[in-house]
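# Geometric and topological summary
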Amino acid sequence: MAKSAASQGSSSKGERKIELPATMTVKHLAEMLGISGVEVIKQLMQNGVMAGINQSIDYDTAAIIASDMGFEVTEKAEAEAEAVACEEDEGDLQPRPPVVTVMGHIDHGKTKLLDAIRQTNVVASEAGGITQHIGAYQVETHGRKITFLDTPGHEAFTAMRARGAKVTDVAVLVVAVDDGVMPQTLEAVDHAKAASVPIVVALNKIDKPGVNLDRVKQQLAESGLVVEEWGGNTVCVPVSAKQKKGITDLLESILVVAEMLELKANPDCAASGVVIEAGLDKTKGPMATVLVERGTLRPGDPLVVGETWGKVKAMFNDAGKRVKKAEPATPVKIMGLSGAPQAGDTLVVAASERDARMTAEKRQLERQQKIVRPVRPVKLDDVYAQIRAGQAKELNLILKTDVQGSIEPIRDSIERVEADEIKVRIIHTGSGNITEGDVLLALASKGVIIGFHTTPTVGAQRMAEAEGVDIRFYDIIYNLIEDIERAVKGLKEPKYAEVTEGRAEVRAVFSAGKKDKAAGLMVTEGKLRRDSMVKVIRKGQVIHQSKIVSLRRFKDDVKEVATGTECGLVVDGFAAFEPGDIIEVYRREKVG
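Everything quoted here is computed from the prediction, not taken from an experiment.

## Thoughts on the overall build of the protein
Helix and strand counts for the protein stand at 15 helices and 31 strands. Evaluated residue by residue, the protein yields a buried proportion of 49% over its 592 residues. Long-range contacts, defined as pairs at least 24 residues apart, comprise 72% of the intrachain contacts of the protein with a sequence gap of at least 6.

## Some thoughts on the pairing of strand 22 (residues 471-474)
When strand 21 (residues 448-452) meets strand 22, the two strands line up parallel, connected through four bridges. Bridged to Gly451 within strand 22 is Phe473. With helix 14 (residues 458-467) bridging strand 21 and its parallel neighbour strand 22, the resulting β-α-β unit is right-handed.

## Things to note about the packing of aromatic side chains
If you walk through the whole model with that rule in mind, you get two aromatic pairs. Note that Arg118 overlies the ring of Tyr137, its terminal NZ or CZ placed 4.8 Å from the centroid. The ring of Tyr586 has Lys535 lying over it, and the distance from NZ or CZ to the ring centre is 5.1 Å.

## Re the sheet that holds strand 17 (residues 330-337)
The strand order around the closed barrel formed by six strands is 13-14-17-16-15-18, and the pairing between neighbours is antiparallel. Averaged over all pairs of adjacent strands, the angle between their axes in this sheet comes to 45 degrees, without regard to strand direction. Pairing of strand 15 (residues 302-305) with strand 18 (residues 346-349), which is carried by three bridges, proceeds in the antiparallel orientation. By the bridge assignment for strand 18, Leu303 is matched with Val349.

## Some points on the nonpolar core
Membership of the largest hydrophobic core comes to 25 residues, with the highest contact counts inside it found for Leu113, Phe148 and Leu250. Here this core gets six residues from one element, more than from any other, and that element is helix 9 (residues 247-261). Core analysis: the second largest hydrophobic core is formed by 21 residues, Ala30, Val40, Ala51 and Val73 among them.

## Here's the deal with helix 12 (residues 407-415)
All buried positions along helix 12 are accounted for by Ile407, Ile410, Ser413 and Ile414. Seen along its axis, helix 12 keeps its buried residues to an arc of 140 degrees; they face one direction. Considering only its buried residues, helix 12 is in contact with strand 19 (394-401), strand 20 (423-431), strand 21 and helix 15 (477-489).

## Observations concerning the packing of helix 13 (residues 436-445) against helix 14
Direction vectors running N to C along helix 13 and helix 14 enclose 20 degrees, while the axes themselves pass 8 Å from each other. Put simply, helix 13 runs roughly parallel to helix 14. In contact with Glu436, Val439, Leu440 and Leu443 of helix 13, helix 14 contributes Gly459, Ala460, Met463, Ala464 and Glu467. Residue classes in the contact of helix 13 with helix 14 are distributed as six nonpolar, one polar and two charged.

## Examining the sheet that holds strand 21
Pairing in this open sheet of four strands is parallel, and the strands run 20-19-21-22 from one edge to the other. Edge positions in the open sheet fall to strand 20 and strand 22, since each of these has one partner strand only. Pairwise comparison of adjacent strand axes, ignoring direction, gives a mean angle of 25 degrees for this sheet. Bridge count between strand 19 and strand 20: eight bridges; the pairing is parallel. Note that in strand 20 the partner of Leu399 across the bridge is Thr429.

## Remarks on the pattern of salt bridges
All told, the structure shown has 25 salt bridges when counted by the stated rule. With its nearest N and O atoms 3.3 Å apart, the salt bridge here joins Arg472 to Asp470. On the basis of relative accessibility, which here comes to 10%, the residue Asp470 falls in the buried class. Note that Asp483 is salt-bridged to Arg472, the shortest N-O span being 3.9 Å. With Asp483 in helix 15 and Arg472 in strand 22, this residue pair connects regions lying eleven residues apart in the sequence. With respect to class, Asp483 is no different from Arg472; both count as buried. Overlapping salt bridges, with partners in common, bring together Asp470, Arg472, Glu482, Asp483 and Arg486 in one network.

## A short note on helix 13
Across the ten residues that make up helix 13, a large majority, nine, are buried. Taken together, the buried positions of helix 13 are Gly437, Asp438, Val439, Leu440, Leu441, Ala442, Leu443, Ala444 and Ser445. Immediately downstream of helix 13, the backbone of Lys446 shows phi near 50 degrees, a positive value.

## A word on the side chain of His191
Among the structural elements, His191 can be located in helix 7 (residues 183-194). Judged by its relative accessible area of 3%, His191 is buried. In this view, His191 contacts His154, Phe157, Thr158, Arg161, Gly437 and Leu441; residues no more than four positions away in its chain are not counted.

## Some remarks on the environment of Thr185
Residue position: Thr185 is located in helix 7. Taking the C-alpha atoms as reference points, Thr185 and His154, separated by 31 residues in sequence, lie 9.5 Å from one another. When near neighbours in sequence (up to four residues on either side) are disregarded, Thr185 contacts His105, His108, Leu173, Val175 and Gly180.

## So, the packing of helix 2 (residues 26-33) against helix 3 (residues 37-46)
For the pair helix 2 and helix 3, interaxial distance at closest approach is 8 Å and the crossing angle is 110 degrees. One finds that helix 2 runs roughly perpendicular with respect to helix 3. The element helix 2 and its partner helix 3 pack so that their crossing is right-handed. Here helix 2 contributes Val26, Leu29, Ala30 and Leu33 to the contact with helix 3, which in turn contributes Gly37, Val40, Ile41 and Leu44. Looking at the contact of helix 2 with helix 3 residue by residue, the class counts come to seven nonpolar, one polar and no charged.

## Digging into the confidence of the model for the protein
For residues with low pLDDT, the predicted coordinates do not support detailed interpretation. Per-residue pLDDT for the protein has a mean of 82; in total, 84% of the residues score no lower than 70. A low-confidence stretch, residues 122-132 (pLDDT under 50), is modelled with 21 contacts involving residues beyond four sequence positions or located in other chains. Contacts of residues 370-375 to residues separated by more than four positions or lying in other chains number seven contacts, the stretch itself having pLDDT below 50.

Cut-off values and rules
- Residues numbered from 1 in each chain as written.
- Predicted model: local features only at pLDDT ≥ 70, side-chain atom pairs only at ≥ 80, totals over all residues.
- Heavy atoms only, no water.
- Helix = DSSP H or I, 4+ residues; strand = E, 2+ residues; numbered from the N terminus.
- Buried < 20%, exposed > 50% of the residue type's maximum accessible area, 1.4 Å probe, protein only.
- Contact = heavy atoms within 4.5 Å.
- Pairing = 2+ DSSP bridges.
- Right-handed = clockwise from strand over helix to strand, strands pointing away.
- Phe/Tyr/Trp six-rings, centres within 6.5 Å; stacked < 30°, edge-to-face > 60°.
- Lys NZ or Arg CZ within 6 Å of the ring centre and 35° of its normal.
- Axes fitted to C-alpha atoms, helices over the stretch in contact; angles between N-to-C directions.
- Core = buried A, V, L, I, M, F, W, Y, C linked by side-chain atoms within 4.5 Å.
- Arc of directions from axis to C-beta.
- Parallel < 35°, antiparallel > 145°, perpendicular 65-115°, else oblique.
- Nonpolar A, V, L, I, M, F, W, Y, C, P; charged D, E, K, R; others polar.
- Salt bridge = Lys/Arg side-chain N within 4 Å of Asp/Glu carboxyl O.
- Left-handed = near helix turned anticlockwise from the far one by under 90°.
- pLDDT = per-residue confidence, 0-100.

What follows is the structure, encoded as structure tokens:
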């Protein structure tokens, strides 16, 4: 019956052939076959595929259904909507405003500085408008515009880079002169340097009495930012966000740095850009703040944005005013998308709404099938092969250690590694656990994380596993350096074997300080040594692997505990012991 209906539908048009795209919804397939959506769903179910009327299916699945209906099927060659985006010839390029991200340590005045800039330098055409937060805005000074991204800081900046969005031209580093350079300040510097973005330093809170600017400039120099007056090339501007002092000087300095970058784009073609933030509005539906990078965006333009699509129904600037166009480096809030995209998603104007929808559906299907990944992470084991293939010119490392004092000797040892064909760069260092921010930086920079006597947080471990980021753990500097030399020189890989030294069973769990938990053990095999590596095994699965922090017998610290003896154990980075867990201690031995 189904084939008969399909045949009648196709014969009435005098055709028995059909071209199907790479991906389509069930509804779209039904329309092309000239039958009801219910009939297509039935045919899919008979072939073991459960799909709703608006769900996407791939070409192979659709071809089976169409063939069963009596059609001769061929695949339609379709270009993605990106083909409509700008092609920039040198003669078409025009100067565009710089895009600026403000970063720095918490409480150093990032938000107050952004507010001060906005209140004193609103674009004239927006004066009197109702201000609303759209995640980005433009200011004007001496007739020239600057676009500011109002992001939460360097991790949001790096998260967008990890998704392939490199929207920032200049980074403004806010440093409070009463506090000076702090840990998050150094992180922001490393993240900006890793992105090769020029840094302008804003020395904030100069209104406070007794501040020492030279002390802060010395700290900046120690972190690699030597200010111009000291013979360096870092632009440094004293400001007071509270009293709105130095704001004009800061904007002029940003423009001077931007001039050296010669920022240009073609405004006379189909628009493309990137999503800054997005969400659902209760009355307007999905809304996205986008930064146009090339071309000019206008109401009515069909769009594909990441895995969403639609047509621009309306655009608003940060003053809440409707605008009719958005040129390069202009931020606008748009409505009309099928859903809320993700920050960092690309936006392109498509030839038609249908093309936009097909591209978005294809991306959804590819994601579901895990065909594409935005960034292919680097593995230390693969570096030499990539060097020989001409695919790698530098090895980026993020170094995390248990204590600050370990950083310098390790850094010095790594920098002495000689490599002719590749540059080894340490783009960020820090002490403490490996965090999600470290994983994001590694993903964005195609880097490898080196952990020395430290472990990742649960969130960082999950993110690294999901994104394929390589984290290496070491407790001996020699082994760390040996692995890096092997990676860049293609040395023969030595083989290591794990030698089990002892096993014990958790009998009880008790407190060992504010956060730590100790396990009360009975040693069942071999010996437990305080300097050994350790695995925590639950129901046959290794749930944690690190090192022994403390080994006690009654109230005494001991170096080892023998079979048949009870003891207390604290494991680095793990507190979730349960009675019945197996503790296995081991050492690594080189076997060849």
